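# Overview (structure and organization)
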Amino acid sequence: MSLGTQTSGDGLPGVPGSFLNDLAQWVADVGERTIAWLVALGSVSIFAGRMVRWLVIKRPQRETILWNFYHIGVLSLPVVAMTGMFIGMVLAVQSYAQFKMLNLETRLGAVINMSLVRELGPVLAATMLAGRVGSAMAAELGTMRVTEQIDALTVMGADPIHYLVVPRFLACLFLIPALTLMADFMGVVGGYFYSVHILNIDAYYYLQNSAEYVGLFDLAAGTAKTLFFGASIAVIACHHGFHCEPGAEGVGRAATYAFVHSFVAILLLDLVLGIILEAIYGMLWTTAPRLV
Amino acid sequence: MAVSVAEATTKAASDDSPLLRIEGLHVRFGRQPVLRDINLGIRRGETVAILGESGCGKTVMLKTLAGLLRPTAGRVLFDGLNFQELSPSELARQRTRFGFVFQQAALFDSMTIGENIAFPLRQHTKMTPDQIHEVVTRRLAEVGLPEAVRMKKPGELSGGMRKRVGLARALALEPEVMLYDEPTTGLDPIMSDVINELMLRTRSAHSVTSIIVTHDMRTAVKVADRVVMLYPLARLGPGEGQILYDGPPRAIEETADNRVIQFVRGEAGERLMEMRRQQNISENTQGKADHG
């Protein structure tokens with residue numbers, strides 16, 4: 001319901017005064033946007049529910065799985081690896097001066113590797129996946145919607161969610177941890193290379209500090225978060241593709257919103273999961289050495 | 001209470017009821033009604049052309065028949081079955097009894113022509129690759145396409161060839177009902193006649209029931225044995241039915257309804273007057289604005 005447009009000319013009927021009118025208008029606009037957000041959230045939830053239902057009742061075909069695993073996972077490896085490596089080196093560049101002033105430059109390994117493994121590796125891998133794969137999925141499915149290919153699947157008795165969404169979801173879910181491990185690994189290598197070979201930090205202490213502060217839990221926690229990132233990217237991108245508006249503009253908008261909404265979801269999930277994982281860590285290792 | 005599939009099929013086979021029955025069909029998108037109280041029965045083996053100007057709801061009706069759109073009210077019965085009451089797996093099975101030729105063919109871009117035609121066979125049969133290959137060859141020959149197109153992608157074919165591939169794909173599972181959405185739109189007169197001939201051949205070779213949505217009178221006269229003409233709801237008077245004509249194609253010009261005659265002869269009629277009136281209003285508004 002478009003309250004905002006109805007009342008933009010003469011204000012709300014029966015509400016006196018310009019301030020009250022503006023206030024009422026503002027409340028109406030906020031209400032309208034809230035309803036739109038709730039409708040969108042409901043639509044995504046129903047879409048995800050239908051996908052989970054197909055995930056349970058029928059296994060996707062082998063060739064659709066392999067095709068999606070290759071295009072979503074394997075072809076994303078180079079860009080994710082390169083991003084990880086450069087971020088590792090950039091972290092070394094940015095942190096070195098401060099640590100050098102405190103004569104703590106050998107602790108750089110701990111800072112770089114902890115940042116990579118807990119935060120930057122997972123978030124960057126997810127962001128690259130949302131950018132490279134999420135937008136492409138939304139554009140591809142959007143084009144299929146606009147050109148009636150999704151309708152064609154339906155009339156041929158193949159459920160489009162089962163045929164198109166489930167394999168993409170599985171590929172994002174299972175391959176994002178692998179992409180994250182690659183980003184982590186390349187970041188660690190990049191950070192080590194720049195710190196030890198360019199900044200001449202002692203390799204022994206660099207590695208020893210890294211090993212002391214970065215544990216298996218950090219690696220597991222960072223990697224586990226990406227399962228949620230991958231699932232949200234797949235659901236959001238496929239939803240945008242399936243609900244694409246007609247025309248080239250509609251497809252473009254679906255691709256853009258797929259990335260923007262996936263990115264917001266990644267950041268929100270990262271915060272929530274970060275708090276939960278930190279609480280779990282605190283319960284498990286109360287006396288463990290912490291950086292802060 | 002939902003009628004079971006077996007009961008419904010037995011009942012439909014035992015009496016002479018229409019294969020497809022539309023009862024009190026209403027379809028609306030948001031606040032926009034498109035179809036209002038449509039009642040129609042289509043007998044087995046019949047070829048029905050649904051005529052009407054753009055925006056009158058022809059394609060919406062076809063998609064509702066195929067179960068791609070849900071009726072707002074009323075129901076569509078196919079062989080005694082209401083698609084709204086079937087389980088997803090039963091619905092998928094029943095849909096294989098339909099073949100749908102889309103306006104722009106809706107071929108899958110990512111697949112070759114051969115894979116497109118083989119798609120329904122791979123989804124619904126246990127045929128070996130050799131058997132599928134043989135069926136694809138047969139279907140390509142049936143629509144007059146050379147074997148060489150098998151390995152091409154849809155983007156490499158002309159519009160007429162894509163339509164023929166769409167027809168070959170729709171025929172792959174030997175359906176009982178063929179639904180054609182604007183089969184000759186966008187084609188030159190010669191290719192349009194080729195498609196008309198193919199529809200006639202399909203009818204005689206496979207004994208299918210055909211529903212053709214078109215605004216091409218030549219197609220209706222040549223292929224159909226019954227014509228149903230729809231009229232846009234927005235132009236109807238109060239209480240008027242949306243179906244202006246339902247009868248044999250040869251008798252359509254003898255109808256007393258001027259709106260039907262105008263459509264058959266391709267005359268703009270009062271639309272021209274409406275257009276001139278709109279132009280006058282625009283010019284007057286512009287004139288007042290210039291003087292003001």
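Residues numbered from 1 in each chain as written. Chains lettered and ligands numbered in written order. Predicted model: local features only at pLDDT ≥ 70, side-chain atom pairs only at ≥ 80, totals over all residues.

This next bit is on the overall build of chain B. In terms of helices and strands, chain B carries ten helices and ten strands. Across its three principal axes, chain B shows a C-alpha extent of roughly 75 × 50 × 40 Å. Out of the 292 residues belonging to chain B, those deemed buried represent 37%. In chain B, the share of contacts with a sequence separation of at least 24, taken over all contacts with a separation of at least 6, comes to 66%. (Helix = DSSP H or I, 4+ residues; strand = E, 2+ residues; numbered from the N terminus. Buried ≥ 20, exposed ≤ 12 C-beta atoms within 10 Å, placed from the backbone. Contact = placed C-beta atoms within 7 Å.)

Scanning chain A for helices and strands turns up ten helices and zero strands. Taken against the 2.2 N^0.38 rule, which gives 19 Å for 292 residues, the C-alpha radius of gyration of chain A at 24 Å runs more than 25% over that of a compact globule. Partitioning the intrachain contacts of chain A with sequence separation of at least 6 by distance along the chain shows that 87% fall at a separation of at least 24. (Rg over C-alpha atoms; globule rule 2.2 N^0.38 Å.)

A few words on the domain arrangement of chain A. Residues and elements named next belong to chain A. Assigned domains of chain A: these are domain 1 (1–57) and domain 2 (60–284). Placing the centre of domain 1 and that of domain 2 at their C-alpha centroids yields a distance of 32 Å. A per-class count over the side of domain 1 that touches domain 2 returns six nonpolar, no polar and one charged. (Domains from an automatic or database assignment. Nonpolar A, V, L, I, M, F, W, Y, C, P; charged D, E, K, R; others polar.)

Residue and element names in this part refer to chain B. Read across the open sheet, the four strands follow the order β2-β1-β4-β5; overall the sheet is antiparallel. Both outer strands of the open sheet, β2 (32–42) and β5 (81–82), are each paired with one neighbouring strand and no more. Pairing between strand β1 (residues 20–29) and β2: seven bridges, direction antiparallel. Looking across to β2, one finds that isoleucine 22 is bridged to leucine 40. (Pairing = 2+ DSSP bridges.)

Moving on: the interface of chain B and chain A. Listed per partner, the contact involves 17 residues of chain B and eleven residues of chain A. Of all the elements in the fold, those that place two or more residues in the side of chain B that touches chain A are α3 (88–95), β6 (98–101) and α4 (113–124) of chain B. By residue class, the composition of the side of chain B that touches chain A is eleven nonpolar, four polar and two charged.

With that settled, the discussion passes to the sheet that holds strand β10 (residues 243–247) of chain B. All names here are of chain B. The sheet built from six strands is open, its strands ordered β6-β7-β8-β3-β9-β10 with mixed pairing. This sheet does not close on itself; its edge strands, each paired only once, are β6 and β10. Taken pair by pair, the neighbouring strands of this sheet meet at an average axis angle of 15 degrees, ignoring direction. Bridge count for strand β3 (residues 47–51) against strand β8 (residues 209–213) is four bridges, and the pairing is parallel. In the sheet register, isoleucine 50 faces β8, and the bridge partner there is valine 213. Along the sheet, helix α7 (residues 189–206) makes contact with β3, β7 (177–181) and β8, crossing β8 at roughly 160 degrees. (Axes fitted to C-alpha atoms, helices over the stretch in contact; angles between N-to-C directions.)

The subject of this paragraph is the packing of helix α4 (residues 77–101) of chain A against helix α7 (residues 160–198) of chain A. All names here are of chain A. Between α4 and α7, whose axes approach to 7 Å, the crossing angle comes to 35 degrees. Crossing of α4 over α7 shows right-handed handedness. Residues belonging to the contact of α4 with α7 are distributed by class as follows: 17 nonpolar, seven polar and one charged. (Left-handed = near helix turned anticlockwise from the far one by under 90°.)

Turning to the packing of helix α5 (residues 108–146) of chain A against helix α10 (residues 247–284) of chain A, a few remarks are in order. Residues and elements named next belong to chain A. As a packed pair, α5 and α10 sit with axes 8 Å apart at the nearest point and diverge in direction by 150 degrees. Relative to α10, α5 is oriented roughly antiparallel. Crossing of α5 over α10 shows right-handed handedness. Each residue belonging to the contact of α5 with α10 can be placed in one class, and the counts come to 14 nonpolar, nine polar and one charged. (Parallel < 35°, antiparallel > 145°, perpendicular 65-115°, else oblique.)

Across chain A, pLDDT averages 89, with 92% of residues at or above 70. When the criterion is pLDDT under 50, residues 1–9 of chain A qualifies, and its contacts beyond four places in sequence or with other chains add up to nine contacts. (pLDDT = per-residue confidence, 0-100.)

What follows covers unusual backbone geometry. We note that asparagine 103 of chain A has phi near 55 degrees; this positive angle belongs to a residue other than glycine. Looking at the secondary structure, you find asparagine 103 of chain A in the loop between α4 and α5. On the basis of neighbour counts, which here come to 8 C-beta atoms within 10 Å, the residue asparagine 103 of chain A falls in the exposed class. The backbone of glutamate 174 of chain B shows a phi angle near 50 degrees, a positive value even though the residue is not glycine. Examined against the element boundaries, glutamate 174 of chain B turns out to sit in the loop between α6 (159–171) and β7.

Here the focus is the nonpolar core. Looking at soluble globular proteins, one finds that nonpolar side chains tend to be buried together. Within the largest apolar cluster, 142 residues are counted, with the highest numbers of intra-cluster contacts made by Leu129 of chain A together with Ile50 and Leu179 of chain B. Per element, the largest residue contribution to this core is 20 residues, and it comes from α5 of chain A. Non-local contacts of leucine 129 of chain A, meaning those with residues more than four positions away in its chain, are made with Ser76, Gly134, Cys172, Ile176, Leu179, Gly230 and Ile233 of chain A. (Core = buried A, V, L, I, M, F, W, Y, C linked by C-beta atoms within 7 Å.)

A few words now on the pairing of strand β9 (residues 226–230) of chain B. Residue and element names in this part refer to chain B. Counting buried positions along β9 yields four of five residues, so the element is predominantly enclosed. Looking at chain direction, β3 and β9 are connected through four bridges and run parallel. Within β9, the residue paired with leucine 51 across the bridge is methionine 229.

In this section: the environment of arginine 93 of chain B. All names here are of chain B. With respect to the element layout, arginine 93 can be found in helix α3. Given 14 C-beta atoms within 10 Å, arginine 93 falls into the partly exposed group. When the C-alpha positions of arginine 93 and histidine 124 are compared, they lie 8.2 Å apart, and in sequence the two are 31 residues distant.

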